[in-house]
Amino acid sequence: MSDSREFLDILAQLAPGTAMREALDSITRLGKGALILIADRDKAAKVIQSGFELDTEFSPQKLTELSKMDRAIVVDEGLRRILFANVLLVPDHRLSSRETGTRHLAAELVARQLQAPTLAVSASKDRVTLYFGEISYILPDFSALTARVNQALHILEQYRNTLDALLTELTALEFEGRAMADDVASVIQLMVQMMQVESDVQRAFIELGTQKHLQEQLLEWLMLEVEKRFQLLLKDYQRKERATVHAMARKIQALPREKLLETEAVIAALGYEDLDEISELKLQPRGYRVLHEIPRLPSMIAKRLVSRYGQLLHIVEAGEEDLIKIKGIGMGRARTLRAGRMHIRAT
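Nothing here was measured: the structure is a model prediction, and the numbers come from that model.

**Points about the environment of Pro 91**
No. 1: Structurally, Pro 91 can be placed in the loop between β4 (81-89) and α5 (102-114).
No. 2: Under the relative-accessibility criterion, Pro 91 is labelled buried at 17%.
No. 3: For the pair Pro 91 and Glu 108, spaced 17 residues apart in the sequence, the C-alpha separation amounts to 9.4 Å.
No. 4: Leave out the neighbours within four places in its chain, and Pro 91 touches Val 47, Leu 109, Val 110 and Gln 113.

Here it is in structure tokens:
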């Protein structure tokens, strides 16, 4: 199945809460079949052989009534007008199909020929199949889709609890100068897995349509600051500070699952690919992530601190008299910074 923007936009048009989904559900409940081509007039004309033109405003009720005729219905791409009804669709005879039923066969061939979404509603199987180009996709049952999303959110909640614990442990190790490659890799691996689950849930949200409000809020809460901390972690531990964090993030996120779970592969992506015994490597963070946790500390000040001291341990050891030499840090901010470091260290 494709995750192209065009295909996802089509799924959004068919999601619960939309007029088209209301019509499809109504047709299915009646035990009727239907063949619906979504295409503008000029494109549809290439496969229409007979039928009658309507050019009337779209409504679920009209589409449901028109589906009682045996042949196809053509709706414009914006789903605003019903253009034709009771039409015979005749696709290019040179095309082959994997389908056997008349309605599904016509839908698949038309979708491939026109590169236009075509829907086949099965009267006997109580389901709707979307054809688009080479794609054949059965629209999932709403309750099954909701259950799948809830299960993914439950997994994500467990991941979040683990991540919070790992970050607390990593912070303590960083303040003591004892963070190892395994400690850093474990956090990165979990963050990437969380972002992968988030992507799957966001994909499912498209098909949930208007029925996703509570799940959407929960997802936002579970993923709060995860991507930001992921990027700051990479800035902390990348071997060469001038390396592009976004490119490094993409490289790590593109690792196959089995590679992602290897400490060596993750640390190598940070620029340590030429070292032996990577898992035993002790790493010193620059301090971006910890400084980000200090309230009301601008990112520019954090950058100047890292530029001046180089490592988190050196920043922690800096006194107020030394800190005020940095542009943007007065005695008040120096005291706030020191208090913030002490609070983070204590927690």
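That shown, we press on.
**Digging into empty space enclosed by the protein**
No. 1: The final tally for this structure, using the stated rule, is one cavity of 30 Å³ or more.
No. 2: Of the pockets and cavities examined, the largest cavity occupies roughly 60 Å³.
No. 3: If you go around the largest cavity, the residues you meet are Leu 11, Leu 14, Ala 15, Pro 16, Arg 21, Leu 139, Pro 140, Phe 142, Leu 145 and Glu 207.
No. 4: Of the residues contributing to the lining of the largest cavity, the split by class is eight nonpolar, no polar and two charged.

**Section: helix α10 (residues 245-253)**
No. 1: When we look at burial in α10, the residues that qualify are Val 245, Met 248, Ala 249 and Ile 252. On an axial view of α10, the arc spanned by its buried residues comes to 100°, and they lie on one face.
No. 2: Buried positions along α10 lie against α7 (181-208), α9 (226-237), α11 (257-260) and α12 (263-272).

**As for the packing of α7 against helix α8 (residues 213-222)**
No. 1: It is the contact of α7 with α8, at a shortest axis distance of 11 Å, that shows an interaxial angle of 165°. With respect to α8, the element α7 is oriented roughly antiparallel. As for how α7 packs across α8, the hand of that crossing is left-handed. In this structure, α7 uses Met 194, Glu 198, Val 201, Gln 202, Phe 205 and Leu 208 to contact α8, whose residues at the interface are Gln 215, Glu 216, Leu 219 and Leu 222.

**Observations concerning the sheet that holds strand β6 (residues 127-132)**
No. 1: Strand order in the open sheet formed by seven strands is β2-β4-β3-β1-β5-β6-β7, with mixed pairing between adjacent strands. Every interior strand has two partners, whereas the edge strands, β2 (48-57) and β7 (135-138), have only one. Strand after strand, the sheet turns through a mean of 20° between neighbouring axes, direction not considered.
No. 2: As defined by bridge partners, strand β1 (residues 34-38) adjoins strand β3 (residues 72-75) across three bridges and the pair is classed as parallel. Paired with Ile 36 across the two strands is Ile 73, which belongs to β3.
No. 3: Against the sheet, α5 engages β1, β4, β5 (118-122) and β6, with an angle of about 170° to β5.

**Some points on the pattern of salt bridges**
No. 1: By the definition in use, this model includes 20 salt bridges.
No. 2: Between Glu 65 and Lys 68 there is a salt bridge whose closest N-O contact spans 3.0 Å.
No. 3: One salt bridge connects Glu 174 with Arg 289, and the closest N-O pair in it is separated by 2.8 Å. Of this pair, Glu 174 sits in helix α6 (residues 142-176) while Arg 289 sits in helix α13 (residues 288-292); the two residues are 115 residues apart in sequence, bridging distant segments of the chain.
No. 4: Given a relative accessible area of 3%, Arg 289 falls into the buried group.
No. 5: Connected through salt bridges with shared partners, the residues Arg 41, Glu 53, Asp 55 and Arg 81 form a single ionic network.

Conventions used here
Residues numbered from 1 in each chain as written. Predicted model: local features only at pLDDT ≥ 70, side-chain atom pairs only at ≥ 80, totals over all residues. Heavy atoms only, no water. Helix = DSSP H or I, 4+ residues; strand = E, 2+ residues; numbered from the N terminus. Buried < 20%, exposed > 50% of the residue type's maximum accessible area, 1.4 Å probe, protein only. Contact = heavy atoms within 4.5 Å. 1 Å grid on protein atoms, 1.4 Å probe; cavity = no way out; pocket = protein on both sides within 12 Å on 5 of 7 lines; lining within 4 Å. Points joined across faces, edges and corners; volume = space filled by probe spheres on them. Nonpolar A, V, L, I, M, F, W, Y, C, P; charged D, E, K, R; others polar. Arc of directions from axis to C-beta. Axes fitted to C-alpha atoms, helices over the stretch in contact; angles between N-to-C directions. Parallel < 35°, antiparallel > 145°, perpendicular 65-115°, else oblique. Left-handed = near helix turned anticlockwise from the far one by under 90°. Pairing = 2+ DSSP bridges. Salt bridge = Lys/Arg side-chain N within 4 Å of Asp/Glu carboxyl O.

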